[in-house]
Amino acid sequence: MNDEKVGLFIQSGEYDKIYNALSIAIAAVSNNIQVFCLFSYSALSKLKKENINKIRIENDENKLTQRFSELLKENRVQSISDMIKMAKTTENIKIYACSASMNILNIKEEELIDDVDGTIGIVKFLELIERSMFVLYI
């Protein structure tokens with residue numbers, strides 16, 4: 001495995017933002033770059049089994065929401081769950097749930113999709129992403 005790594009702190013639960021974050025993650029792992037993702041707050045809620053492919057886009061008057069829905073139905077864009085599964089085919093990505101967000105939102109580990117690698121806090125996440133090429137807050 002390459003020593004290069006990136007960190008993605010994903011806070012927004014909007015479909016397009018998670019889609020973009022995962023697109024970056026897939027590009028990175030495809031280039032043998034290790035990716036650490038920490039999902040918090042509304043993004044963490046998207047990792048619940050019941051919410052993984054629900055589309056929610058804010059401040060768009062439903063135009064982007066409708067477009068994503070159409071493209072998903074036509075199989076012209078991947079679903080969030082498919083993107084995660086694609087990224088996980090490599091060993092270069094770790095997806096974590098923020099422990100503080102889980103407590104605040106009263107989310108239990110068993111409610112999360114199986115592709116979540118564990119629950120960590122921000123201190124542990126900062127240790128994992130130390131010396132990263134870049135860190136994005138999405």
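Reading the values: the criteria
- Residues numbered from 1 in each chain as written.
- Predicted model: local features only at pLDDT ≥ 70, side-chain atom pairs only at ≥ 80, totals over all residues.
- Heavy atoms only, no water.
- Patch = residues over 30% accessible without salt bridge, like charges linked within 9 Å, V, L, I, M, F, W, Y side chains within 5 Å.
- Areas by Shrake-Rupley, 256 points an atom, 1.4 Å probe, with all protein chains shown as cover.
- Salt bridge = Lys/Arg side-chain N within 4 Å of Asp/Glu carboxyl O.
- Helix = DSSP H or I, 4+ residues; strand = E, 2+ residues; numbered from the N terminus.
- Axes fitted to C-alpha atoms, helices over the stretch in contact; angles between N-to-C directions.
- Parallel < 35°, antiparallel > 145°, perpendicular 65-115°, else oblique.
- Left-handed = near helix turned anticlockwise from the far one by under 90°.
- Contact = heavy atoms within 4.5 Å.
- Pairing = 2+ DSSP bridges.
- Buried < 20%, exposed > 50% of the residue type's maximum accessible area, 1.4 Å probe, protein only.

(A) Region of interest: a nonpolar patch on the surface. The grouping of I24, M133 and F134 at the surface amounts to a nonpolar patch, some 240 Å² of accessible area in total. Looking at where I24 falls in the secondary structure, it is placed in helix α1 (residues 15–30).

(B) Representation of the packing of α1 against helix α4 (residues 80–87) in the model. α4 packs onto α1 with a crossing angle of 15° between their chain directions and a minimal axis gap of 10 Å. Classed by the angle they form, the pair α1 and α4 counts as roughly parallel. Crossing of α1 over α4 shows left-handed handedness. When α1 is examined against α4, the residues Y15, I18, Y19, L22, S23, I26 and V29 are found in contact with a partner set consisting of I80, M83, I84, M86 and A87.

(C) Looking closely at the side chain of S40. The residue S40 is located in the loop between β2 (34–39) and α2 (41–46) in this model. If near-sequence neighbours (up to four positions away) are discounted, S40 is found in contact with F9, I10, Q11, C98 and S101.

(D) Here's a closer look at the sheet that holds strand β5 (residues 134–137). Read across the sheet, five strands follow the order β4-β3-β2-β1-β5 without closing on themselves; strand pairing throughout is parallel. Strand pairing shows two members of the sheet lacking a second neighbour, β4 (118–120) and β5, which therefore form its edges. The sheet shows a mean angle of 25° between the axes of neighbouring strands, taken without regard to direction. When strand β1 (residues 5–10) meets β2, the two strands line up parallel, connected through six bridges. Bridged to G7 within β2 is F36. Where α1 meets the sheet, its contacts fall on β1, β2, β3 (93–98) and β5, and the angle it forms with β1 comes to roughly 170°.

(E) Representation of the pattern of salt bridges within the structure. Summed over all chains, the structure comprises seven salt bridges. Between E111 and K48 there is a salt bridge, with its nearest N and O atoms 3.5 Å apart. Of the two residues, E111 is situated in the loop between α5 (99–105) and β4 and K48 in the loop between α2 and α3 (63–73); the sequence distance between them amounts to 63 residues. The exposure class of K48 is buried, given its relative accessible area of 15%. In this structure, the salt-bridge partner of R131 is E130, at a minimum N-O distance of 3.4 Å.

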